[in-house]
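# Commentary on secondary and tertiary structure
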Amino acid sequence: MKKFIIFLLKPLSFLPAILMMCLIYTFSAQTGEVSGELSYRISYQIAETKNELLNTNKSYDELAWEAESLHYYVRKGAHMTEYFLLAIAISFPLYVYRIRGIWLMLLAGIICVGFAGFDEYHQSFVAARTASPKDVGIDSLGALIGILLVQAFCWSTLHSPDGRRKKRKRKRR
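Right, let's walk through the structure included here. (Residues numbered from 1 in each chain as written. Predicted model: local features only at pLDDT ≥ 70, side-chain atom pairs only at ≥ 80, totals over all residues. Heavy atoms only, no water.)

### Quick word on the packing of helix α4 (residues 60-96) against helix α5 (residues 101-123)
Put simply, the rule is: Lines fitted to C-alpha atoms define the axes here, with helix axes fitted over just the stretch in contact, and angles between the N-to-C directions of these axes take values from 0 to 180 degrees. Think of it this way: any DSSP run of H or I at least four residues long counts as a helix, any run of E at least two long counts as a strand, and we number them from the N terminus. Note on angle classes: values under 35 degrees are labelled roughly parallel, values over 145 roughly antiparallel, values of 65 to 115 roughly perpendicular, and the remainder oblique. Less than a right angle of anticlockwise turn of the near helix away from the far helix marks a crossing as left-handed, whereas a clockwise turn marks it as right-handed. Between two residues, a contact is recorded if the distance between any of their heavy atoms is within 4.5 Å. Under the convention adopted here, Pro, Cys and the residues Ala, Val, Leu, Ile, Met, Phe, Trp and Tyr are nonpolar, Asp, Glu, Lys and Arg are charged, and Gly plus all remaining residues are polar.
At a minimum axis separation of 10 Å, α4 and α5 run at an interaxial angle of 140°. As judged from the angle between their axes, α4 and α5 are oblique. Between α4 and α5 lies a crossing whose hand is right-handed. From α4, His79, Tyr83, Leu86, Ala87, Ile90, Ser91, Leu94 and Tyr95 reach across to α5, where they touch Leu104, Leu107, Ala108, Ile111, Cys112, Phe115, Ala116, Asp119 and Glu120. Across the contact of α4 with α5, the residue classes break down as 13 nonpolar, two polar and two charged.

In structure tokens form, the structure reads like this:
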């Protein structure tokens, strides 16, 4: 019975990846104006928080200028973060399905980079948005970091220092 339940629940491990893809797609469907405004508000909040923490007493215009200078980095950081999270959400279920090592990196990488390309293509149909190969590269870098983090985490928690795999002790009845 336990194996049957695991068999039924295993496919649900991909649910976070599917939800992350939906979130990315939703952000990409925003018009350039809406997307730009959202990332500008985040940039302004960062500038305002920095101003309060450092007690620099900047004016609204100075904060707006600083927010504008942060805007590009906030947008690209958001791209990397989205694909970092997507890679993690894809890599863990693949690991559960016993896909490990280079095969996990290749499969998760292909899925993430493929989705990044699809996402950029989708963006080319949205008002005031364009497709950018540079963004696919930034997305791919975020995905690579996420994949490597999952690999390192799984390897460090599931392998013993002397190179032998940890064995689970079975309860005797």
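Next comes the rest of the write-up.
### Remarks on the packing of aromatic side chains
The test is simple: Each Phe, Tyr or Trp ring, with Trp reduced to its six-membered ring, pairs with another whose centre is within 6.5 Å; inter-plane angles below 30 degrees give stacked pairs, above 60 give edge-to-face pairs, and intermediate values give tilted ones. Criterion for a charge above a ring: Lys NZ or Arg CZ within 6 Å of the ring centre, and within 35 degrees of the ring normal.
The tally for this structure, following the rule as stated, stands at nine aromatic pairs. Ring geometry for Tyr40 and Tyr44: centres 6.4 Å apart, planes at 35°, overall tilted. Of the two residues, Tyr40 and Tyr44 both sit in helix α3 (residues 32-54), four residues apart, roughly one turn of that helix. Three or more aromatic residues joined by ring pairs make a cluster, and in this case those are Tyr25, Tyr83, Phe115 and Phe118. A cation over a ring is seen here: Lys10 above Tyr97, with NZ or CZ 4.8 Å from the ring centre. Over the face of the ring belonging to Tyr95 we find Arg100, whose NZ or CZ atom lies 3.8 Å from the ring centre.

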